[in-house]
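Each chain, written out:
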Amino acid sequence: MNTIHPLHQAILDAHEQKRKAVIPFLTAGFPTPDTFWSVMENMDQAGVDIIEIGVPFSDPVADGPVIENASRNALENGISLRWSTRTGRIWPQASARPE
């Protein structure tokens, strides 16, 4: 049985609809751990194809000032690698949000 990964399928679906896939980037836990979920839900409801979740880290200078500030903010709010990786695994089960 040959299955297609859901990310690949989302891009194929956009291509079949003769459009580019919409793939926004969001730093995990930004702007706050609680409002992060609302932003994710709003993006999903708006119809984005894939949401890329970035793991905040202490020296994201190569990512530019916007992502650098988002990473700094998330880290200051206690977002960790563990929180970030759990987020990717539980979405879209929003009721099982990581602590």
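Use the structure listed above.
Residues numbered from 1 in each chain as written. Predicted model: local features only at pLDDT ≥ 70, side-chain atom pairs only at ≥ 80, totals over all residues. Heavy atoms only, no water.

1. A few points about the packing of aromatic side chains
Part 1 of the argument: Per the counting criterion, the structure on display carries three aromatic pairs.
Part 2 of the argument: Relative to tryptophan 37, the ring of phenylalanine 36 lies with its centre 5.4 Å away and its plane at 80°, an arrangement referred to as edge-to-face.
Part 3 of the argument: Residue tryptophan 37 is classed as buried on the basis of its relative accessible area, which comes to 2%.
Part 4 of the argument: Aromatic ring contacts, followed pair by pair, group Phe36, Trp37 and Trp83 into a single cluster. (Phe/Tyr/Trp six-rings, centres within 6.5 Å; stacked < 30°, edge-to-face > 60°. Buried < 20%, exposed > 50% of the residue type's maximum accessible area, 1.4 Å probe, protein only.)

2. Observations regarding the pattern of salt bridges
Part 1 of the argument: The full count for this structure, using the stated rule, is two salt bridges.
Part 2 of the argument: Among the salt bridges present, the one from arginine 19 reaches aspartate 49, with a minimum N-O distance of 2.7 Å. Of this pair, arginine 19 sits in the loop between α1 (6–16) and β1 (25–27) while aspartate 49 sits in the loop between α2 (33–46) and β2 (52–54), placing them 30 residues apart in sequence.
Part 3 of the argument: Among the ionic pairs, glutamate 68 bridges to arginine 72, the shortest N-O distance being 3.1 Å. Separated by four residues within a single helix, glutamate 68 and arginine 72 lie in helix α3 (residues 65–76), roughly one turn from each other. (Salt bridge = Lys/Arg side-chain N within 4 Å of Asp/Glu carboxyl O. Helix = DSSP H or I, 4+ residues; strand = E, 2+ residues; numbered from the N terminus.)

3. Looking at the nonpolar core
Part 1 of the argument: Formed by Leu26, Ala28, Phe36, Trp37, Met40, Met43, Val48, Ile51, Ala74, Ile79 and Trp83, the largest nonpolar core amounts to 11 residues.
Part 2 of the argument: Broken down by element, this core gets its largest block of residues, four residues, from α2. (Core = buried A, V, L, I, M, F, W, Y, C linked by side-chain atoms within 4.5 Å.)

4. Quick word on unusual backbone geometry
Part 1 of the argument: Residue proline 31 is bonded to the preceding phenylalanine 30 through a cis peptide linkage, with omega at 5°.
Part 2 of the argument: Looking at the element boundaries, proline 31 is found in the loop between β1 and α2.
Part 3 of the argument: Its identity is not glycine, yet lysine 18 carries a phi of approximately 60°, on the positive side.
Part 4 of the argument: Looking at the element boundaries, lysine 18 is found in the loop between α1 and β1.
Part 5 of the argument: On the basis of relative accessibility, which here comes to 76%, the residue lysine 18 falls in the exposed class.

5. A closer look at the side chain of serine 84
Part 1 of the argument: For serine 84, the position within the fold is in helix α4 (residues 81–90).
Part 2 of the argument: Given the relative accessible area of 5%, serine 84 is considered buried.
Part 3 of the argument: Contacts of serine 84, omitting those with residues within four sequence positions, involve Ala28, Val55, Pro56 and Ile79. (Contact = heavy atoms within 4.5 Å.)

Treat this as a map of the structure, not an account of what it does.
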